[in-house]
Amino acid sequence: MPVPSYIVSCTKNLLIAQDIYEFRFAKPKECNFKTGQFVLFDVPLVENSADIQTRALSIASTPSEDELIFVAKMKEGGRASRWIMELLKVESTVRMQGPFGNFTLDEKTPKDYLFIATSTGVAPFRSQIIDALKRGDRRRMDLVYGVRSQEDLFWDQELIALTQTYDNFFLHLALSNPTNDWKGHRGRVQTLMPQIIHDFSRKSVYVCGSPEMTKELKQLCLEQWTITKTDLHVEGYI
Ligand SMILES: Cc1cc2nc3c(=O)[nH]c(=O)nc-3n(C[C@H](O)[C@H](O)[C@H](O)COP(=O)(O)OP(=O)(O)OC[C@H]3O[C@@H](n4cnc5c(N)ncnc54)[C@H](O)[C@@H]3O)c2cc1C
């Protein structure tokens with residue numbers, strides 16, 4: 001089957017935290033995806049619009065939202081980063097292919113969900129958590145979400161609001177370099193996990209973020225917390 005391809009039109013592009021942009025596109029009617037999947041955008045060079053390469057971005061919206069929501073961390077001189085900062089405006093159009101990927105929720109598992117993200121690794125989890133909660137999934141869901149400092153946090157208010165609406169959703173915010181007034185967890189998520197989660201045997205685990213973070217957590221999950229491969233799902237933002 002050919003991969004679906006769409007021309008999508010931008011509805012929003014905003015700096016929402018330090019080096020973090022959230023951008024949205026109107027969702028084409030025929031566009032279907034599973035929560036946790038990603039798409040590929042045709043990203044032009046700022047200096048030459050005919051020079052195109054694709055970049056992967058996780059879909060952060062749920063299938064029932066009218067917009068496709070994305071969040072990206074800016075890399076100095078990066079192709080997608082420059083496209084987002086310099087070219088992508090409301091009503092800009094771009095070709096998008098997908099959806100792709102198997103980083104989808106195991107809905108049949110009897111276990112609880114444990115989501116672990118750093119920075120924009122939270123994107124697929126926004127989609128998965130909101131969708132599962134709205135579908136009425138009653139299992140316990142924990143999201144451990146780490147960034148460096150307060151300026152790097154985004155979507156925390158929306159996630160906190162979800163904890164107030166759904167008593168089976170628990171948010172654990174962690175800063176590795178907080179100021180004195182920070183009341184949440186302090187440290188890297190890799191180090192903090194055993195303080196936050198006491199019984200890993202009941203968890204179906206999802207990890208998303210930089211390749212360094214996902215590699216380290218994968219090893220800890222399999223070797224120290226004895227999570228089986230069936231219960232471990234990893235997406236590294238290579
Ligand atoms: C499945 C998947 C999903 C993803 N989802 C997301 C997401 O939701 N959000 C997100 O932020 N990221 C996500 N990523 C990562 C994303 O695809 C990009 O890799 C990332 O945003 C960097 O893109 P870029 O084009 O800005 O940088 P790139 O152009 O890829 O460059 C990366 C870095 O390398 C440097 N560089 C590039 N070329 C050279 C060169 N010739 N010499 C020296 N240095 C160079 C750049 O300056 C930059 O710092 C995902 C990745 C995967 C695989």
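All of these numbers come straight from a predicted model, not from anything done at the bench.

K.L.:
Looking at this structure, how should I read the nonpolar core?
P.N.:
The biggest cluster of nonpolar side chains holds 56 residues, and the ones touching the most others in it are Phe-70, Phe-115, Ile-116, Phe-125, Ile-129 and Leu-143. Each of two domains, domain 1 (5-100) and domain 2 (112-236), supplies a minimum of three residues to this core. Residue contacts for Leu-143: discarding those within four places in its chain leaves Phe-115, Phe-125, Ile-129, Leu-159, Leu-171 and His-172.

K.L.:
What exactly am I supposed to notice about helix α2 (residues 123-135) here?
P.N.:
Counting along an α-helix, one turn takes 3.6 residues, and residues three or four places apart therefore face a common direction. The end-to-end C-alpha separation of α2 is 19 Å, in line with the 18 Å expected for 13 residues at 1.5 Å each. Listed in full, the buried residues belonging to α2 are Ala-123, Pro-124, Phe-125, Arg-126, Ser-127, Gln-128, Ile-129, Ile-130 and Ala-132.

K.L.:
Where do I start with the pairing of strand β7 (residues 112-118) in this structure?
P.N.:
The two faces of a sheet get side chains in turn, since along a regular strand they alternate between them. A large share of β7 lies buried, amounting to six of its seven residues. For β7 and strand β11 (residues 203-209), the ladder comprises six bridges, and the chain directions are parallel. Opposite Asp-112, over in β11, you have Lys-203 as the bridge partner. Assessed by its sense of winding, the connection that carries the chain from β7 through α2 to strand β8 (residues 141-147) is right-handed.

K.L.:
Explanation requested: the sheet that holds strand β12 (residues 232-236) in the structure shown.
P.N.:
Strand pairing within a sheet occurs via backbone hydrogen bonds; the two strands may be parallel or antiparallel. As summarised here, the arrangement of the six strands in space is β10-β9-β8-β7-β11-β12, forming an open sheet in which the pairing is parallel. Because the sheet does not close on itself, it has two edges, and the strands there are β10 (185-186) and β12. When strand β9 (residues 169-175) meets β10, the two strands line up parallel, connected through two bridges. Residue pairing for β10: Ala-174 is matched across the bridge by His-185. Lying over the sheet, α2 contacts β7, β8, β9, β11 and β12, oriented at roughly 155° with respect to β8. The strands touched by helix α3 (residues 156-165) within the sheet are β8 and β9, with β9 carrying the most contacts at an inclination of about 145°.

K.L.:
I would appreciate a short explanation of the sheet that holds strand β5 (residues 67-73) in the present structure.
P.N.:
What the six strands build is an open sheet, ordered β4-β3-β6-β1-β2-β5; its pairing is antiparallel. At either margin of the open sheet sits one strand with a lone partner, and together these are β4 (48-58) and β5. Averaged over all adjacent pairs, the angle separating strand axes in this sheet is 40°, with direction ignored. As paired elements, strand β1 (residues 5-17) and strand β6 (residues 93-100) share five bridges and run antiparallel to each other. Bridged to Ser-9 within β6 is Thr-93. The strands touched by helix α1 (residues 79-87) are β1, β2 (20-26), β3 (38-45), β4 and β5; relative to β3, the strand with the most contacts, the crossing angle is about 75°.

K.L.:
Explain the site of the ligand to me, please; I cannot follow it from the model alone.
P.N.:
Contacts to the ligand come from 21 residues, most closely from Lys-75, Gly-77, Gly-78, Ala-80 and Ser-81. Going through the elements one at a time, β4, β5 and α1 are the ones with two or more residues in the shell around the ligand. For the shell around the ligand, the leading source of residues is β4, giving four residues. Its residues placed into classes, the shell around the ligand shows nine nonpolar, six polar and six charged. Mapping the shell around the ligand onto the domain boundaries places at least three of its residues in each of domain 1 (5-100) and domain 2 (112-236).

K.L.:
Sorry, what's going on with the domain arrangement of the protein chain here?
P.N.:
Each domain of the protein chain was delimited in the assignment, giving domain 1 (5-100) and domain 2 (112-236). In this assembly, 16 residues from domain 1 lie in contact with 13 residues from domain 2. If you list the elements that add at least two residues to the side of domain 1 that touches domain 2, you get β1 and β5. For the side of domain 1 that touches domain 2, the element with the most residues is β5, which contributes four residues. Taken together, the residues of the side of domain 1 that touches domain 2 break down into nine nonpolar, six polar and one charged.

K.L.:
Any chance you could explain unusual backbone geometry here in plain terms?
P.N.:
Most peptide bonds take the trans configuration, and most residues that are not glycine carry a negative phi. Cis geometry marks the peptide bond from Gly-98 to Pro-99, where omega comes out at 10°. Note that Pro-99 resides in strand β6. In this structure, Glu-91 is a non-glycine residue whose phi angle is positive, near 80°. One non-glycine residue, Thr-226, lies in the positive phi region at around 45°. In this fold, Thr-226 is placed in the loop between α5 (211-223) and β12.

Rules of the game
Residues numbered from 1 in each chain as written. Predicted model: local features only at pLDDT ≥ 70, side-chain atom pairs only at ≥ 80, totals over all residues. Core = buried A, V, L, I, M, F, W, Y, C linked by C-beta atoms within 7 Å. Buried ≥ 20, exposed ≤ 12 C-beta atoms within 10 Å, placed from the backbone. Domains from an automatic or database assignment. Contact = placed C-beta atoms within 7 Å. Helix = DSSP H or I, 4+ residues; strand = E, 2+ residues; numbered from the N terminus. Expected span 1.5 Å × (residues − 1). Pairing = 2+ DSSP bridges. Right-handed = clockwise from strand over helix to strand, strands pointing away. Axes fitted to C-alpha atoms, helices over the stretch in contact; angles between N-to-C directions. Near = placed C-beta within 6 Å. Nonpolar A, V, L, I, M, F, W, Y, C, P; charged D, E, K, R; others polar.

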